Amino acid sequence: MLNTTRLAVRVGWLTGLVESMAAAVIAGHWSRPEIEQLASGRAPSGEKLPSNAWMALRTLGWTAAVPEGRYVPDRVRRIAEEQAGRVLRSAHWRSRIVDAVLATWPADNPDPLRRTDAEWQALRKTCPDGAAVPVSVLRGRTRQVQRFIAARHRMPADVSELEAAPDAGRQVVLAAADKQLTTLTRCEDDPAHYGLLTVRLPVRPDPRSRTDWRPVVLRFRLPPTVDATAALHAPTLRLRDGQVRIDLAYTAAAPKSRRDGHTRAVAFDYGLNTLLTGGALTLTGGSQPAVLTDGRPVFLRVDGALAKADRLRIEAEQLWTKTAHLDILIEGHHTQGSRPDPMDVAKLAVLRTEHRWVSRRRERLNRALAQAAARFMVDHARAAEASVIYLEDLRDMEARGKGRTLNTRLSSSVRGQIVTATIHAAARHGIAVVIVPARGTSKYCPRCLTAFRHHAAPDRPERGWKWATCPNPACRYSADRDVAAWQRIGARGLQHQPHTVLNRTDGSYTLRRTVEELDQPVRHTPHPAPPPSGPQVRPVDRTKAGPTRRCPVPRKRRRVPAPPGPPPAPIAAVGGGPGGKRPAGRMPQPPTHRTRRWRGRQAPHTMSTSTRHEPYGARLGAGFHLHAHAASWGPRHRQPRSLFHRGENPAPPRKT
């Protein structure tokens, strides 16, 4: 029996062997002609290359060499060649993007990042499938070429000169091997929850013979998302934090999603403070179809998690600044030929370790945010009986010109991970995910398509961005900016279904262009009121259309007149006067400390944004689940504000 530490050591030996052989193959064939040869699918003799990467490399004669004095089974060589072939094939797309950037490099423009619209269009026409290439990729490649020109004072020839040969990654792709090296089955005792992986691992870092490779049986727990009837495939082994990670691939039966023909949909809009705002829409039939909605939004608020992400980001930036400062000091000592201070070297190692830990915490938090958002959207789609989810295309949005703090918050959001997680979660139920262009969704009114007037809040008419009001006298629609945006996103997706295309890279559907004639207003239909039950209570008018009427505050003011005072003193007496004239209540006292409780808002998105941002869960020191608050779907009923992450008991009330 092997413990986890010994198992990680032996898997690390296998990973090192595979990575060294794959890196040698990549470095030996890292050139533009050889990358084109592999991507063409044809050998120099005209023979068609196999689909498997390791078989294609062997057809071309690009085999992996075994280190001298070591014995490596042929199946392990296959794994190394498979990983090298995948890396070289993926470089072909990058090489074509770099070629397009170099071919359309503006000679007259001193800043290539500020190209004109015609220059950007010419660049997209040169790129392969340029309409689908995100603008962040084009900008990133442009910056990469700029750094190369600044360092060498010339243009690069191709991607092989612009980039160094990549490595193969610290992983072992067991899919390239056969049953002589690895087998995967379900555990006989509990096939629904456990699996058995048998793999031959080296018993020493430099295996010399066949006897140095011995089989090891790994019993691991299957994820809860894997059904008992799913077919398991060969996994990928990775080492992380001294532990063995298994990336398991499986195949399960799922309904097939449709590209078009949707009549019921849900749409969601990303927000900065409210992560998701969405609702349901319906497409009517007939000769003139229309989009109907009841206008009832649902919200996903993760204020505590976002605040925690901001704290971790600030901490990571501070650690990175200190690390860069120490790097400069130590590098200066090396340049002068002197020995750096040992305390500085030790401090640098500690700072790098802390920065790595903070980065991992940020990764885990972002992953939890993406998974929670995906479950939220898929659950609402199922509750609304929708067959499609429409999302705005903000995966490659670059925040510029909005201030340092706001730019950083916008750029640090996890929109790309949310889209990926939603695609995987929705595919299980046959729900399609369509990416819709975001241009103009927050600018125009969903009811009449008139340009909005944005201001800070309903009670603050000064210029802002959160609240939107339609200036059309016949419409006068007023709503939160995100509430209006999700209606435009859903209507655009339903009305442009014939123009939806399949994105084969991730299995989603994309709407790349919009037709102005197809954009039609959204009709609002009032939702039916729930049937009355029990005694009827007259609702209290809580609107803030006018000044609040004066009313006594309970337990704060006296209900009876003040008691009579003593008889009046003589006029000459100092401080004398009639009695019974003191105020009927306590004398106002100045606050002695700043209270931790703040005024709550009447309802979401109806009044000004609170200036104080301290979630309830942050004071309790709770985790992610106490910070996530989602709106309920269906009849409006009161729900507990939050739940503990370790149970189903409601959170304790606040102290007043």
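The paragraphs below set out a description of the structure included in this document. (Residues numbered from 1 in each chain as written. Predicted model: local features only at pLDDT ≥ 70, side-chain atom pairs only at ≥ 80, totals over all residues. Heavy atoms only, no water.)

### What to know about the overall build of the chain
Defined as follows: A run of H or I in DSSP becomes a helix once it reaches four residues, and a run of E becomes a strand once it reaches two; helices and strands are each numbered from the N terminus. The cut-offs for exposure are 20% and 50% of the maximum accessible area for each residue type, with area from a 1.4 Å probe on protein chains only; residues under the lower value are buried, those over the upper are exposed, and the others partly exposed. A contact between two residues is defined here by any heavy atoms of the two lying within 4.5 Å. Surface accessibility follows the Shrake-Rupley procedure with a 1.4 Å probe radius. Residue values consider only the protein chains on display as shielding.
Looking only at helices and strands, the chain has 13 helices and 20 strands in total. Looking at the chain as a whole, 38% of its 656 residues qualify as buried. Nonlocal contacts in the chain, meaning residues at least 24 apart in sequence, comprise 63% of its contacts between residues at least 6 apart. Of the roughly 39400 Å² of accessible surface on the chain, 52% is carried by carbon and sulfur atoms.

### Considerations on the packing of aromatic side chains
Just so we agree on the cut-off: To pair, rings of Phe, Tyr and Trp, with the six-membered ring standing in for Trp, must have centres within 6.5 Å; the planes then decide the type, stacked if under 30 degrees apart, edge-to-face if over 60, and tilted in the middle. Two conditions define a charge sitting above a ring: the NZ of Lys or the CZ of Arg must be within 6 Å of the ring centre, and it must be within 35 degrees of the ring normal.
One pass over the structure, following the stated rule, counts one aromatic pair. Relative to F376, the ring of F268 has its centre 6.0 Å away and its plane inclined at 65°; by these criteria the two rings are edge-to-face. With a gap of 108 residues between them, F268 in strand β7 (residues 264–270) and F376 in helix α9 (residues 342–383) connect regions that are remote in the sequence. In this structure, R115 packs its charged tip against the face of W120, placed 5.4 Å from the ring centre. Above the face of the Y194 ring, R219 is positioned so that its terminal group lies 3.9 Å from the ring centre.

### A short note on the sheet that holds strand β3 (residues 194–202)
For the record, the criterion: What makes two strands pair is DSSP finding at least two bridges between them. Axes, fitted as lines to C-alpha atoms, cover a helix only where it is in contact. Angles between the N-to-C directions of the axes lie from 0 to 180 degrees.
Ordered by their spatial adjacency, three strands build an open sheet running β2-β3-β4, and the pairing between neighbours is antiparallel. Every other strand in the sheet has two partners, leaving β2 (182–186) and β4 (213–221) as the edge strands with one partner each. Shown here is a sheet whose adjacent strand axes are inclined to one another by a mean of 20°, direction ignored. The pairing of β2 with β3 spans five bridges and is antiparallel. Bridge pairing in β3 links R186 to G195. Of the strands in this sheet, β3 and β4 are in contact with helix α1 (residues 4–28), which crosses β3 at around 60°.

### Focus: the environment of V66
With respect to the helices and strands, V66 occurs in the loop between α3 (53–60) and α4 (74–103). Its relative accessible area of 32% is what places V66 among the partly exposed residues. Taking the C-alpha atoms as reference points, V66 and S20, 46 residues apart in sequence, are found 9.4 Å from one another. Among all residues touching V66, those that are not within four sequence positions of it are M21, V72 and R77.

### Describing unusual backbone geometry
For L449, which is not a glycine, the phi torsion comes out positive at approximately 60°. Relative to the helices and strands, L449 resides in the loop between β12 (432–436) and β13 (453–457). Despite not being glycine, R476 shows a phi value in the positive range, around 55°. Checked against the element boundaries, R476 lands in the loop between β15 (467–469) and β16 (478–480). For R476, a relative accessible area of 53% puts it in the exposed group.

### Some points on the sheet that holds β15
Taken in spatial order, the four strands of this open sheet run β14-β13-β15-β16, and their pairing is antiparallel. Unpaired on one side and paired on the other, β14 (460–463) and β16 mark the two borders of the sheet. Put simply, the sheet's adjacent strands are angled 40° from each other on average, direction ignored. Summarising the sheet, β13 and β15 pair through three bridges and their orientation is antiparallel. Its bridge partner lying in β15, H455 is registered against W467. Each of β13, β15 and β16 touches helix α12 (residues 481–495); the most contacted strand, β16, lies at about 95° to it.

### Re the environment of D327
Inclusion rule: N or O atoms closer than or at 3.5 Å make up a polar contact, with two conditions inside protein: a donor-capable atom paired with an acceptor-capable one, and, for residues adjacent in sequence, both atoms drawn from side chains.
Examined against the element boundaries, D327 turns out to sit in helix α8 (residues 303–336). Here R352 takes part through its side chain, which lies 2.9 Å from a polar atom of the side chain of D327.

### Structural notes on the nonpolar core
Selection rule: Buried Ala, Val, Leu, Ile, Met, Phe, Trp, Tyr and Cys residues that are joined via side-chain atoms within 4.5 Å together make up what is termed a nonpolar core.
One finds L38, V76 and I79 to be the most contacted residues of the largest nonpolar core, which totals 47 residues. Listed by contribution, the elements that provide at least two residues to this core are α1, α2 (32–40), α3, α4, β3, β4 and β5 (231–240). Broken down by element, the residue count for this core peaks at nine residues, all from α1. Those residues in contact with L38, other than ones at most four positions away along the chain, are L49, A56, L57, L60, W62, G85, L88 and R89.

### With respect to the environment of M155
Here M155 lies in the loop between α6 (135–152) and α7 (159–162). Of the residues examined, M155 reaches a relative accessible area of 34% and is grouped as partly exposed. Spatially, the C-alpha atoms of M155 and L102 are 8.0 Å apart, while their sequence positions differ by 53 residues. The residues touching M155, leaving out its near neighbours within four places in the chain, are L102, W105, V145, F148 and I149.

### What to know about α3
Here is the rule we go by: Throughout, the arc means that of the directions going from the helix axis to the C-beta atoms.
Those residues of α3 that sit buried are A53, W54, A56, L57 and L60. Seen end-on, α3 carries its buried residues on one side only, within an arc spanning 160°. On the buried face of α3, the contacting elements are α1, α2 and α4.

### Observations concerning the pattern of salt bridges
How we decide: One side-chain nitrogen of Lys or Arg within 4 Å of one carboxyl oxygen of Asp or Glu is enough to make a salt bridge.
One pass over the full model with this rule turns up 24 salt bridges. In this structure, E19 engages R170 in a salt bridge whose closest nitrogen and oxygen atoms are separated by 2.9 Å. Taken together, the residues E19 in helix α1 and R170 in the loop between α7 and β1 (171–173) connect sequence positions 151 residues apart. Linking D74 and R58 is a salt bridge whose minimum nitrogen-to-oxygen distance equals 3.0 Å. Here the residue D74 occupies a position in helix α4, and R58 occupies one in helix α3, the gap between them amounting to 16 residues. Several salt bridges converge on common partners, so that one network encompasses R58, D74, R75, R77, R78, E81 and D178.

### As for the pairing of β7
Among the seven residues of β7, six are classified as buried, and the element is accordingly described as predominantly covered. Sheet topology places β7 next to strand β8 (residues 274–283); seven bridges connect them, and they run antiparallel. Residue A267 lies in a different strand from β8, and its bridge partner there is G279. Linking β7 back to β8 in an antiparallel pair, the connection comprises three residues.

### Some thoughts on the packing of helix α5 (residues 117–126) against α6
We count it as follows: Angles below 35 degrees are treated as roughly parallel, those above 145 as roughly antiparallel, those between 65 and 115 as roughly perpendicular, and all remaining angles as oblique. The residue classification treats Ala, Val, Leu, Ile, Met, Phe, Trp, Tyr, Cys and Pro as nonpolar and Asp, Glu, Lys and Arg as charged. All others, Gly included, are polar.
Between α5 and α6, the shortest axis-to-axis distance is 12 Å and the interhelical angle comes to 95°. With respect to α6, the axis of α5 lies roughly perpendicular. Contacts between α5 and α6 pair W120, L123 and R124 from the former with V135, L138 and R139 from the latter. Of the residues contributing to the contact of α5 with α6, the split by class is four nonpolar, no polar and two charged.

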